[in-house]
Amino acid sequence: MLYDRLSRAADEGLLTPPVLLVCPPDGADVSELPGPVAVYHESQPEHDRFARVAEMRDSIEGPAGCVVVSLPRAREAGRDLVARAAELGVPILIDGQKTDGIDSMLKAVRARGQVGAVLSKAHGKLFMVEGGDFADWKAAPRENADGFLTPPGGFSADGLDAGSRLLIEALPPLSGHVADLGAGWGALSAAVLRSEAVTICDLVEADRPSLDCARVNVPDPRARFHWADATAWTLGGSVDHVVTNPPFHKGRAGDPGIGRAFLTTAARILAPRGTLWMVANRHLPYESHLETLFGEVAELPGSSAFKLFRTARPRRPR
């Protein structure tokens, strides 16, 4: 079933094909929309899922009769998407939950453009806007306090997060082939590549704006960049080390299963003598999963907020 507010918009004739969907929610059924339908998405897993049923765009570009922007969690990122959509000069429909700031977005848009229909349903709103100047909402990556380029509204955009900093301080000089699962904008990989004994560092990241920043932050020829879902990523061989600060949210909801899936990937791609180095929030229950995946699990000195692990001897499925 299509997400409810957009289904109502389609029923009321508010969508002018071709419809361009910008970062639609995971699982949205686009089959009920008046076609043709195109999708732009910055998350690789969602990109692949929507590619099965719709034309994919590499940027927010035409042709489009209207653009539907689904708000992300971060206000700056949402405003940037709206500004880029406005450059097409077609009606924009902005959709989001109250928890994603749709009410404040509606108020801000009313001050700049002509707001038409407003549909309220399922703890959120969808509204149409025509015209207006949103050029100053367009946001470019910027340098954070640690000198790294970060995307608008991205994770830890203002500076290196405390968990990653703790893991970097605990890492010894690594050697051989390293994979950074959930590499973000590249802080862990930049630290890994300080060791001349590292031959390859694969940065695996599902968020395209973050990976684009990592390409700038990690200009080392040993770095390889993969726009991919770390929970499903594969490579031709195995790696000597995995480093990771796995995410544990899907949208606003906590989901430790995502982190467990990262650890499963790590065990799958590591060589028999390979090691995993990871940091996690102290409340997350990863210990039993690690003990299932690895023959050797050691907790390293951490902090009151974060725990560190070094694991080795990945178990092979029989």
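So, here is what we can say about the structure in this document. Note that this is a predicted model, so its numbers are computed, not measured.

Looking at the nonpolar core
Core analysis: the biggest nonpolar cluster contains 28 residues, and L167, L171, L174, V192, L203 and V243 have the highest contact counts within it. A per-element tally of this core places helix α6 (residues 187–192) first, with four residues. The next biggest cluster of nonpolar side chains, apart from the first, holds 27 residues, and it includes Y40, M105, V129 and F134.

Quick word on the packing of aromatic side chains
If you walk through the whole model with that rule in mind, you get two aromatic pairs. Note on F134 and W137: the rings are 5.1 Å apart at their centroids and 55 degrees apart in plane angle, and the pair reads as tilted. Here F148 and W185 contribute two aromatic rings whose centre-to-centre distance is 5.1 Å and whose plane-to-plane angle is 40 degrees, an arrangement assigned as tilted. In this pair, F148 sits in the loop between β8 (142–143) and β9 (149–150) while W185 sits in the loop between β10 (176–181) and α6, placing the two residues 37 residues apart along the sequence. A single burial state applies to F148 and to W185, both of which are buried.

As for the sheet that holds strand β16 (residues 270–281)
Taken together, seven strands build an open sheet; the order of strands is β12-β11-β10-β13-β16-β18-β17 and the sheet is mixed. Each edge of the open sheet is held by one strand with a lone partner, namely β12 (223–227) and β17 (294–300). Along the sheet, successive strands turn relative to each other by an average axial angle of 15 degrees, direction set aside. As defined by bridge partners, β10 adjoins strand β13 (residues 239–244) across four bridges and the pair is classed as parallel. Counterpart to D180 in the pairing with β13 is V243. Here helix α5 (residues 162–170) sits on the sheet in contact with β13, β16 and β18 (306–314), set at roughly 50 degrees to β18.

Describing the pairing of strand β7 (residues 124–130)
Where burial is concerned, most of β7 is hidden: six out of the seven residues are buried. Two elements, strand β5 (residues 92–97) and β7, share six bridges in a ladder whose sense is antiparallel. Bridge pairing links I94 to F127 in β7. Pairing of strand β6 (residues 114–121) with β7 involves six bridges; the strand directions are antiparallel. Looking at the pairing, L119 lines up with L126 of β7. As consecutive antiparallel partners, β6 and β7 are separated by two residues, and within that stretch A122 has a phi angle of approximately 55 degrees, a positive value.

Focus on the environment of H47
Turning to its location among the elements, H47 is positioned in helix α2 (residues 44–51). For H47, a relative accessible area of 14% gives the class buried. For the pair formed by H47 and L88, sequence separation is 41 residues and the distance between their alpha carbons is 21 Å.

What to know about the pattern of salt bridges
Inspection of the entire model under this criterion finds 19 salt bridges. The residue R5 makes a salt bridge to D95 at a minimum N-O spacing of 2.7 Å. Pair noted here: R5 is in helix α1 (residues 4–11) and D95 is in strand β5, with a separation of 90 residues, a long-range link. A single burial state applies to R5 and to D95, both of which are buried. The shortest N-O distance in the salt bridge between R142 and E76 comes to 2.7 Å. With R142 in strand β8 and E76 in helix α3 (residues 75–86), the pair connects residues that are 66 residues apart, well separated along the chain. With a relative accessible area of 35%, R142 lands in the partly exposed category.

So, the environment of F294
Position of F294 among the secondary structure elements: in strand β17. Considering only alpha carbons, one finds F294 and A312, 18 residues apart in sequence, at a separation of 6.0 Å.

Some points on helix α8 (residues 256–269)
Spanning 14 residues, α8 covers 21 Å between terminal C-alpha atoms, matching the ideal 20 Å at 1.5 Å per step. Among all positions of α8, only I258, G259, F262, L263, T265, A266, A267 and I269 are buried.

The rules behind these values
- Residues numbered from 1 in each chain as written.
- Predicted model: local features only at pLDDT ≥ 70, side-chain atom pairs only at ≥ 80, totals over all residues.
- Heavy atoms only, no water.
- Core = buried A, V, L, I, M, F, W, Y, C linked by side-chain atoms within 4.5 Å.
- Buried < 20%, exposed > 50% of the residue type's maximum accessible area, 1.4 Å probe, protein only.
- Helix = DSSP H or I, 4+ residues; strand = E, 2+ residues; numbered from the N terminus.
- Phe/Tyr/Trp six-rings, centres within 6.5 Å; stacked < 30°, edge-to-face > 60°.
- Pairing = 2+ DSSP bridges.
- Axes fitted to C-alpha atoms, helices over the stretch in contact; angles between N-to-C directions.
- Contact = heavy atoms within 4.5 Å.
- Salt bridge = Lys/Arg side-chain N within 4 Å of Asp/Glu carboxyl O.
- Expected span 1.5 Å × (residues − 1).

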